[in-house]
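Structural features, examined
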Amino acid sequence: MSITKIKERVLQFIKTDGYRPMQINELGTAFSLPESARPAFLRLLQQMEREGTLTISRSQKVEARVIETMPATIMNMSKRGGFAQLADQSTDVYIDKSHLMGAMPTDEVEVHILRQTDRLPEGEVTRIVKRNFVEFTGTFYREGGRGLVLPDFGFKERIEVDPADLKTLGEHEKVMAQMVRYPSVADNGQVHVLMSYGSADSGAACCQAVLDRRHARQSFPDEVLAEANAIPTTCDPAGRLDLRDSIILTVDSAHSKDLDDAISIEKLEDGYRLGVHIADVSHYVQPGTALNEEAFERGTSIYFGNRVIPMLPEALSNGICSLNPREDRLAFTVFIDVDAAGDMQGYTLHKSIIRSYVKGVYDEINEIYAATASKDLLEKYKDALPSITLMRELAERLQEARKRRGAIDFDSDDCEVVFNEQGVAVDIVRRTRGISERMIEEFMLLANEAVATFASEKKLPFVYRVHEEPDALKLENFAASLAAVGINNRKIRPGLAPGDLAEVLHQIEGTPKERALNQMALRTMAKAKYWPECLGHFGLALKYYSQFTSPIRRYPDLSIHRILSELLEKTATPEEISNRYESFVTEASEQSSEREVNAMQIEWDCDDIYKAEYMLQHVGGTFPGTITGVKSYGFYVELENTVEGLVRVETLKGWFDYDEKNMQLFCTANGRRYSIGDSVNVLATRVEVALGQVDFELA
């Protein structure tokens, strides 16, 4: 029997209700131990006393240690110790390495608070409840005759590799490893390498490791594919509003294949009628099918680099559900009447059949708006040009209405990674949103609001998209940041209205510090989530909001399509719908929120990895950039192409102190200061592709 199992048996025995404190020799008798085993048993009990799980009195009586503990999760670790987040998220707890009991990042533990300090309470792990750090990804290194793996997250020390694994591994490979022996105070433990992904300098290899680490479902089971391939590719118009003769167009990026939304528009005497036509995915993905179960588990499609991991098989996502031009498609249509001021006046919902006139492309429509379109391009959109003109008019009115109600507009640019034929990132291009991108966003927001309003009025069980007010402490920190750069922060306080924050963002618009402060404001906001109750959307300044417009790639959208379809098609009464979906919307909200967070983390990690792969080819190059964050250990600089890297304080000339209040690093000797928004020239000095990290020095 292992030492761990013996310890568990001892603790179970001395924690039973009928146990009276026994002396060590009595306990040995109770466990039927021979005399030869008693010295080892004594040493085991003394070890357990040092670990804090039991006490041994002067009279040698053994009792379970009774202390107040709290459930927590180990978040990350350094060479000296680790940090645990309490389950109630009230605080983090610092735990010295000697008090960790071998716990690792993501492990679920019980902690006991030893003392309060000015910063964080200090504690100890009293029990490891669940080992989650079992398999992990990392980078393999050789050091002398040994092999070592540095985990990708949480644990910042290298762990020794089982010598039997060394024959097949090359230097600096990305690997998946499994814990064999967990670290202790004197030993960093040992791992067995399960697989190698290839070079840790390869963006593709490192992104594959991210997918595996985050348990992304990358292939479809045969049963799911069989169901998808069995779906008819013809569309039956029976019982549907026939819109095939209307001018309807999709507008998306040139390379998009899963086209799930299309637009139509007409001018009314006192405004506009906008048609938002969404792929009727719920018609094909029915409850109780393998397709539905797989979509529920995935929750969302994942987009990164040059890859897509779809929520639905290609036969659906790029096939019968995609609103491809000149092909009949089943749709879910929302007609919304908007007055000349951009305010919604009414809406109707319909199950429909449409035939998209053309696959619109953002860049092409932006050319039309800029009056730079070629004759061939104008010919492509010939019959849709009047609609395209009206669409811009309406979008401008919707934007004005959004500003009036105080919605917050975080105007953050995205980037596009350019790959060569070998799949290596060879360029990073900042991608700005043009008129057409903003226009389609406005139309989708309006449709989502209309559908949520309808569901709330009908008292349907529903999956809403909610965004609550910012946390008071985060607002306090953001207000301090604004004050440090001379921005009026008077309205940034708990209970603020969305318009108060929008006003501050307007103040910084066009200034050198705009990008950095925008990022700070974003971090101040609560995380939007899916929820079965309508709590409103703070950022959009809306009482009702859902996500309805992307059922090919988001499960919550598919969920509410299904609920709305039953009502519109009258296959169930409102009471039956409530009984059928009341628990489902809670489950779908929770699952969809979790899957969204996981997908976003994958996308962020892989974006950083590909940016690092690109920068690896430019080590030694000099670039202009802007300081976006200042910490005691250095400052972050963002390049024009959105790549961000760290200038470490030890690389600066002179001794720099950190002014936390004003978010500056300053040197008293030479008077030099570095603060957010400052323009600097930097030299790329070091890149770690596996971690998506770039180091700069001032040029």
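Here the structure is a predicted model, which means the values were calculated and not measured. (Residues numbered from 1 in each chain as written. Predicted model: local features only at pLDDT ≥ 70, side-chain atom pairs only at ≥ 80, totals over all residues. Heavy atoms only, no water.)

Another aspect to go through is the sheet that holds strand β30 (residues 657–659). Reading across from one edge, β30-β31-β32 is the order of the 3 strands in this open sheet, with antiparallel pairing throughout. Each edge of the sheet is formed by a strand with only one pairing partner; in this case those strands are β30 and β32 (673–675). Across the sheet, the mean angle from the axis of one strand to that of its neighbour is 20 degrees, orientation sign disregarded. (Pairing = 2+ DSSP bridges. Helix = DSSP H or I, 4+ residues; strand = E, 2+ residues; numbered from the N terminus. Axes fitted to C-alpha atoms, helices over the stretch in contact; angles between N-to-C directions.)

By the definition in use, this model includes 42 salt bridges. One salt bridge in this structure joins R433 and D409, with 3.9 Å as the shortest N-O distance. Residue R433 is found in the loop between β24 (425–431) and α11 (435–457), and its partner D409 is found in the loop between α10 (385–404) and β23 (414–419); the two are separated by 24 residues along the sequence. Exposure remark for R433: the relative accessible area of 25% places this residue in the partly exposed category. Among the salt bridges present, the one from R433 reaches E441, with a minimum N-O distance of 2.6 Å. Taken together, the shared-partner salt bridges in this structure form one network comprising D152, K174, R213, R214 and D605. (Salt bridge = Lys/Arg side-chain N within 4 Å of Asp/Glu carboxyl O. Buried < 20%, exposed > 50% of the residue type's maximum accessible area, 1.4 Å probe, protein only.)

It is at 11 Å that the axes of helix α1 (residues 3–14) and helix α3 (residues 38–51) come closest, and there the two elements cross at 75 degrees. In terms of orientation, α1 and α3 fall into the roughly perpendicular class. Between α1, through I3, I6, K7, V10 and L11, and α3, the contact on the second element is made entirely by F41, L44, L45, Q47, M48 and E51. Of the residues assigned to the contact of α1 with α3, the class counts are 8 nonpolar, 1 polar and 2 charged. (Parallel < 35°, antiparallel > 145°, perpendicular 65-115°, else oblique. Contact = heavy atoms within 4.5 Å. Nonpolar A, V, L, I, M, F, W, Y, C, P; charged D, E, K, R; others polar.)

Let us look at the pairing of strand β27 (residues 622–631). Pairing of β27 with strand β33 (residues 679–688) involves 5 bridges; the strand directions are antiparallel. If you follow T626 over to β33, its bridge partner there is S679. Looking at chain direction, β27 and strand β28 (residues 634–639) are connected through 6 bridges and run antiparallel. Its bridge partner being in β28, T626 is matched across the sheet by E638. The loop that links β27 with its antiparallel partner β28 comprises 2 residues.

This brings us to unusual backbone geometry. Apart from glycine, the bulk of residues carry a negative phi angle, and the bulk of peptide bonds sit in the trans form. Even without being glycine, H215 reaches a positive phi, approximately 55 degrees. Within the secondary structure, H215 sits in the loop between α4 (203–213) and α5 (222–229). For K570, which is not glycine, the phi torsion reads 60 degrees and is therefore positive. Along the chain, the position of K570 falls in the loop between α15 (555–568) and α16 (574–616).

With that settled, the discussion passes to the packing of aromatic side chains. In this structure the tally under the stated criterion is 16 aromatic pairs. Geometrically, the ring pair formed by F296 and Y555 is edge-to-face, given 5.5 Å between the ring centres and 85 degrees between the ring planes. Taken together, the positions of F296 in helix α6 (residues 290–298) and Y555 in helix α15 put the pair 259 residues apart, joining distant regions of the chain. Accessibility assignment for this pair places F296 and Y555 in one class, buried. Within the aromatic cluster, the residues linked to one another by ring pairs are F13, Y19, F31 and F41. A cation sits over an aromatic face here: K267 above Y272, 4.7 Å from the ring centre. (Phe/Tyr/Trp six-rings, centres within 6.5 Å; stacked < 30°, edge-to-face > 60°. Lys NZ or Arg CZ within 6 Å of the ring centre and 35° of its normal.)

By the element assignment, Q547 lies in the loop between β26 (529–531) and α15. Of the residues examined, Q547 reaches a relative accessible area of 14% and is grouped as buried. One polar contact links Q547 to Y530, side chain to side chain, over a distance of 2.5 Å. (Polar contact = N/O pair within 3.5 Å; in protein donor to acceptor, adjacent residues only side chain to side chain.)

Next up on the list: a negative patch on the surface. A cluster of acidic residues, E293, E297, E587, E590 and E594, forms a negative patch at the surface. Inspection of the secondary structure puts E297 in helix α6. A relative accessible area of 33% places E297 in the partly exposed class. (Patch = residues over 30% accessible without salt bridge, like charges linked within 9 Å, V, L, I, M, F, W, Y side chains within 5 Å. Areas by Shrake-Rupley, 256 points an atom, 1.4 Å probe, with all protein chains shown as cover. Lys, Arg positive; Asp, Glu negative; His and termini not counted. Charge placed at Lys NZ, Arg CZ, Asp CG, Glu CD.)

Generally speaking, nonpolar side chains in soluble globular proteins are found buried as a group. Core analysis: the biggest nonpolar cluster contains 88 residues, and L316, M391, F443 and L564 have the highest contact counts within it. It is α11 that contributes the most residues to this core, 11 residues altogether. For L316, the contacting residues outside a window of four places in its chain are A228, I231, Y284, V285, L291, C321 and S322. Membership of the second largest hydrophobic core comes to 65 residues, among which are C206, F304, V637 and M663. (Core = buried A, V, L, I, M, F, W, Y, C linked by side-chain atoms within 4.5 Å.)

Let us now look at the side chain of T250. Among the structural elements, T250 can be located in strand β15 (residues 249–252). Residues in contact with T250, not counting those within four places in the same chain, are L259, D261, A262, L323, S356, V358, K359 and G360.

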